[in-house]
Amino acid sequence: MDTARESARRWEPMFQSFSWPLALRMAAAAEIGSAQRVLDVGCGIGDPTLQVAVLVGPHGRVLGLDIAEDMIAIARERAAALGLAHAEFRAEDVTRADLPEASFDAVLGRWSLIYLEDVPRVLERLRRYLVPGGRIAITAWAPPEVNPWFTLPHQALARVRQVPPPDPSVPGVFHLSSDGALARALVGAGFQTVGQERVVLSQLAHDGAEFWRMMADTAGPLAPLIEGLAPTEREGVAADVAGRLERYRAGDVLRIPAQAQLAWGRA
């Protein structure tokens, strides 16, 4: 097994504890229920695809798309281990995916559309995949100031390297992070009954060192910046991050705040 797959497996439980509240809210916003057909865009190692597969049951169907072959391989293994034969995964780019129109009851996109250049065009494509009245639920991160899980390591990195500040106007971590931005994008793509809310999350870690190892091991948004560090720089940044995160200690764990934006609509 290669390093990327080993890392994904190692940190899967930690990421699950962080992201499951958002998966549940997305499923509720998209009104997902028994026997529905659901498309999950940018599914990674199978989230929230697998959670949704449980909700739709064996008479439903869930299709997860992601451009990363390694992630799709893990998603398939996880589905097989859980006995979710009705969950299918494809290594495919949603901007070029050839899917039948009106073939899904719901579409989900968790932290995936924010990395795309032409979000309005992709949303229009996703609307065509939905049956009339079908639901969509998409997410972005909330603004940087409420996401110290990213900003504190970013500040520590900025002490040793020139790193660009987060820019919500371009594809990336905080693209579409302002209140109402996702909802406006949905309205512009022709969706109806649109709404948006923030979802409060907590990243749990035993200590700053564990959190840093997860950020460094996984292909997360800080990975390109971390990869360029010399060993001594990496050690210094890791220690800096650990110190900055201690303010979030709650007993024997760190509870690092995070917030996501969730928007929904109807085709």
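Structure shown above.
Everything quoted here is computed from the prediction, not taken from an experiment. (Residues numbered from 1 in each chain as written. Predicted model: local features only at pLDDT ≥ 70, side-chain atom pairs only at ≥ 80, totals over all residues. Heavy atoms only, no water.)

Novice: Got a minute to help me understand the overall build of the chain in this structure?
Specialist: Scanning the chain from terminus to terminus reveals nine helices and eight strands. Relative to its length of 267 residues, the chain is compact, with a C-alpha radius of gyration of 18 Å against a globular reference of 18 Å. Each principal axis of the C-alpha distribution contributes one length, and for the chain these read about 55 × 40 × 35 Å. Here the chain holds 267 residues, and 52% of them are scored as buried. For the chain, the proportion of contacts with a sequence separation of at least 24, taken over those separated by at least 6, is 79%. (Helix = DSSP H or I, 4+ residues; strand = E, 2+ residues; numbered from the N terminus. Rg over C-alpha atoms; globule rule 2.2 N^0.38 Å. Buried < 20%, exposed > 50% of the residue type's maximum accessible area, 1.4 Å probe, protein only. Contact = heavy atoms within 4.5 Å.)

Novice: What exactly am I supposed to notice about the nonpolar core here?
Specialist: Among soluble globular proteins, nonpolar side chains are generally buried collectively. If you look at the biggest cluster of nonpolar residues, it comprises 85 residues, and the most contacted ones within it are Leu39, Leu123 and Leu126. The contact partners of Leu126, leaving out residues within four places of it in the chain, are Leu39, Val41, Val94, Val107, Leu113 and Ile136. (Core = buried A, V, L, I, M, F, W, Y, C linked by side-chain atoms within 4.5 Å.)

Novice: Is there a simple way to think about the packing of aromatic side chains in this case?
Specialist: Where two aromatic rings form a pair, the distance of their centres and the angle of their planes describe that pair. Scanning the model with the defined rule gives seven aromatic pairs in all. Between Phe150 and Phe174, the aromatic rings sit 5.3 Å apart at their centres with planes inclined by 85 degrees, giving edge-to-face as the arrangement. Of the two residues, Phe150 is situated in helix α5 (residues 148-158) and Phe174 in the loop between α5 and α6 (181-188); the sequence distance between them amounts to 24 residues. Each of the two residues, Phe150 as well as Phe174, counts as buried. (Phe/Tyr/Trp six-rings, centres within 6.5 Å; stacked < 30°, edge-to-face > 60°.)

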